[in-house]
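Remarks on the overall topology
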Amino acid sequence: MVARTVLITALLCLLASPTTFATRPAWKWLSEPSDFTLSFERELSDLAGSLPVPNRRQAVDESYRLPNNTSPIHYHLALRTAIHENSRQFSGTVKVLFEVLEPTTTVTLHNRRLTVQRAFLHEEAVGGGAGAQIEQVAHSTDPDTEHLTLAVSQLLPAGSRYYLRVEFEGALQNNNNMGFFASSYLDNSGNRRYLASSKFEPTHARSAFPCYDEPLLKATFELELTHYKEYNAVANMPLAGTPTPDSDNADYVTSRFEVTPLMSTYLLAFAVTDFTIRTADRQTVYARPNVFEETAYPLEAGNRILDALSDYMDISYYDYMPKMTQIAIPDRGTGAMENWGLVAYGEPVLLFNPAINTYRNRKSVTTIIAHEYAHQWFGNLVSPHWWEYIWLNEGFATLYEYYAAQLAYPEGEYWELFTVEVIHSAFGADASETVRPMNWNAATPSEIAALFDTVAYDKSGSVLNMFRAVLGDPVWRYGLKTYMTARQLDGATADHLYGGLQEALVSLAPTLLPATVTVRQLMDSWTSEPGFPVLTVYRTYGERQEAILSQERFLSSKRLPSGHVYYVPYDFTGGHAPDFEPTPAGYGWLAAKADKIATGVPNDQWIIFNRQQNGYYRVNYDAHNWELLIEALHNDPAQIHHRNRAQLVNDAYNLARAEWLDFAVPLRLMSYLRKETQYAPWTAAGSALTYLYNKLRGTAHYAHFQVYANHLLIDIYPTLAIDSVAAQETLLQLYLKQFITTWACRVGHGDCLAKTKQALAAAYQARTPVHPDIATAVYCNGLVDASDEIFVWVYEQFKSSRNQAHRTVLIDALACSRQPAQLESFLTTALGSGAEFDALLATERTRIVSAVYGASREGVDAVLDFLMVPSRVTEFVQRLGQSALNSAVSNIASRTNNQPELDRLNALLVSLGSQIPESVATSARSTVQNNFNWFNTLEGLVVVEFLEQMATTPQEL
């Protein structure tokens, strides 16, 4: 009884706020998929079966592919732009040297919305270049297939070469990050300056010039850009001499560039800007003049990462390209593009100002540079044969996004984030019944664009990392170099990669794999089939110390029979002699639906499979082994590797959501977090905690959840200085501190609320911004009930900032206010017009709305009130679009947990009437009903019962 009294008293002290807050602390809702009522019945697994021959190329409409009768050799592209005047028109001439592969009277290229004025067929001159004109050719464009067909009057024989000269005009696209597009920024005087740049992947080169816009159809490119003389031009290659005056207009010059290596059209890149340039060695960074000081870190990181990758690959980047340029494009979002020799980024993921940008910004800049630089090998030097194999680009880039960052900055511990940011993310998307496999054919531009998904990035990176670990670093690197060397300046399929790795095994480790198994068989079982397995470990607890292993595809919402067998590499360790260091020799292979193996682990000791979670699969255990693991975690978490602790938390929660486990198992397991000091297990628990928070907030059961969450935080919270930054804090310690601070304030921890409020008040009094590495938590929680003066002070920082990443942090912070008048005024800025709001990006306007309804229930109410005014709704749709309104309604519904909240939602739906589709209104009501129904599901009943017992009898846990 004494222990119980002490614990309850401690928890009550944590919940008691010394401040006068009348509202909940600031936080961010994290979206979860719609809840399903899952069947608890399990089907018996088929323990027999063999690996089927996969259907690796599903049928697509091949009419979108170019015919195979001609192939490009070289392009000479000349473009002219007056972007400095905000003119959206451009003109150009492209001369394409092509080879005839089959006798033909037509030549077919791609064209998207370009006006072709004239086209001519030329001989190839003896010394190179376009020779005598043969004829002017007729042309037509099919708007569906985007095929530009040019008809010639003679039969062109196979093996012959000609030049095709096409004169055309086009319009710069409006800041949509596709094709040749316009962007703008405000200079320090408030004047808007314009620029033009390109982004061609996957099928947008055809919107800038007629071309063979398929990745395998590589050619060399010779580029010239005519532009205003006060602007500069940059492209993949260095300038070929200084810009020369334009003969037609003295205010223009022509910048000519050296010829590129063989490359795909989607990798051609150029920009015309008034940017400033920072240079070090053979690398440069281009950015608008008023952020020049923010280019120092990306230049340093670029040099370090490119050198690290060159050493790792044993293939120097500079053997193929003479320079590397990075360019920060304003209002481009947070994406980036790996153009060979000219990598383009949205400003938030390239620019870094240590005075205002957070440790997370630095991490993003570092890892995204590493991602794009990895593409210089995976995608640029060797490109996909067709978009079906885009994972050969994006999977490797995702893997080396973290690995190369770690090589360049070992102290950053970036590799520690791979498991929780990539593998766990991939699991979420890959557990759908309708998900595609890694190899997946496509034909139309929209189909091709859809391939750039979580499967291409996170799943593929996870699968590749699994085989990197299984084969071992020497074999892996030897195989990659073999693959790269064989396919350099060409296209590749999955089989080419498998062949390189197989050759490495033969040379370095011929006995590593079973004699009858090839790399192709192993990897194809993962790349050509959708999803991933759950490995079930059923220990027999007999004298022989054996376990039955079985595999089944894991789905988040159902169990389906499947004959497919993944070749699952497994390793394990036990509580009697923990060894969490994976080695290639330590892996076995589950090559059937089930098998029995000897473990050597005593029956009274826990066993863990998938050491450090290198394998891309979940692991479930028999009930007794789960009990042994829970006991071990509660007794001494350090005896289990921190990545496996994160694995156990993530697996247990998701297995419970899919009804493989009683939900009490992850809840009991996560109780050990009271002793956890590492970031990975905590962030793995974040999904579970957020799910429960969103289900229970605003209900009679929420107080019990608060007790549970505070129980987890009671020991670690006092060890963290949440309102200051110590010089010795590592990246992972900063991640951990923000996570713990967020959750402590979220569930009403009095000290957390008081300290963040005091820290913001002190910053306001000193008129000094909060240190960037604690800014997210301090600004957000400090603004919960801040005075109008403090709110305006933070808002003015937002208005005056020209750093997009910093502005995003401040938007999210301002949305944390709980004052209706402050939130209303902030929402009004999202619709503002005139000079005062000229600096607002379109993405920032929509983020203001989503940040407000995402920050708190008070924020939801503020958006509800805002949209109850009909005139505002009309303006809302005009400024932000119908999709923003539909999204707001859907998100309000997902945050509706009780009858009064439902009454408010229904009033809004009635007020909006036909201003939203009926399907949106119906879906919103259905979402709320699902929220209510959850408490009558098995999962809901188990959770509520567990938390009630936890809150009332804590000494029993």
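Residues numbered from 1 in each chain as written. Predicted model: local features only at pLDDT ≥ 70, side-chain atom pairs only at ≥ 80, totals over all residues. Heavy atoms only, no water.

Examining the UniProt feature "binding site: Zn(2+)" (unreviewed entry) in the protein
Put simply, the rule is: UniProt positions are given in the numbering used here, feature names are shortened, and annotations may be inferred rather than shown by experiment. Comment: elements are numbered from the N terminus, with helices defined as DSSP H or I runs of at least four residues and strands as E runs of at least two. Using a 1.4 Å probe on the protein chains alone, a residue whose accessible area is under 20% of its type maximum counts as buried, one over 50% counts as exposed, and one in between counts as partly exposed.
The residues that UniProt annotates with the feature "binding site: Zn(2+)" (unreviewed entry) are H371, H375 and E394. Judged by maximum C-alpha separation, these annotated positions cover 24 residues in sequence but sit close together in space, the widest gap being only 8.5 Å. Tracing the backbone through its elements, the reader meets H371 in helix 3 (residues 359–374). In this structure H371 comes out as buried when scored by relative accessible area, which is 6%.

Examining the UniProt feature "site: Transition state stabilizer" (unreviewed entry) in the protein
Here, the residues flagged by UniProt with the feature "site: Transition state stabilizer" (unreviewed entry) are Y457. Among the structural elements, Y457 can be located in helix 7 (residues 455–471). Under the relative-accessibility criterion, Y457 is labelled partly exposed at 25%.

Remarks on the pairing of strand 18 (residues 283–287)
The condition that has to hold: Each pair of strands is called paired provided DSSP finds at least two bridges between the two strands. With strands facing away from the observer, any crossover in which the path from the first strand over the helix to the second runs clockwise is taken as right-handed.
When you tally the buried positions in strand 18, you get five out of five residues, the bulk of the element. Burial along strand 18 is two-sided: Q283, V285 and A287 and T284 and Y286, pointing in opposite directions, are all buried. Of the strand pairs in this sheet, strand 17 (residues 276–280) and strand 18 are connected by five bridges, and their pairing is antiparallel. Among the inter-strand pairings, R278 is bridged to a residue of strand 18, identified as V285. The loop that links strand 17 with its antiparallel partner strand 18 comprises two residues; one of these, D281, has a positive phi angle of about 60 degrees. Each parallel crossover has a hand, and the one from strand 18 via helix 2 (residues 296–313) to strand 19 (residues 324–329) is left-handed.

Looking at the sheet that holds strand 11 (residues 192–199)
Pairing is mixed across the open sheet formed by five strands, whose spatial order is 9-10-11-16-13. Strand pairing shows two members of the sheet lacking a second neighbour, strand 9 (173–174) and strand 13 (232–235), which therefore form its edges. Where strand 9 meets strand 10 (residues 179–186), two bridges bridge the pair, whose relative direction is parallel. Each residue of the ladder has a partner; that of N174, found in strand 10, is A182.

Section: the sheet that holds strand 29 (residues 594–598)
What counts is decided by this rule: Every axis corresponds to a line fitted to the C-alpha atoms, with the helix fit spanning only the stretch in contact, and the corresponding angles, defined between N-to-C directions, vary from 0 to 180 degrees. Pairs of residues are marked as contacts when any of their non-hydrogen atoms sit within 4.5 Å.
Here four strands make up an open sheet; going across it, the order is 29-25-24-31 and the pairing mixed. What marks the edges here is a single partner per strand, and that holds for strand 29 and strand 31 (618–621). The average undirected angle you get between the axes of adjacent strands in this sheet is 25 degrees. Of the strand pairs in this sheet, strand 25 (residues 546–553) and strand 29 are connected by five bridges, and their pairing is antiparallel. Note that in strand 29 the partner of S550 across the bridge is A594. Contacts from helix 11 (residues 623–635) reach strand 24 (533–539) and strand 31 within the one sheet, and its direction differs from that of strand 31 by about 105 degrees.

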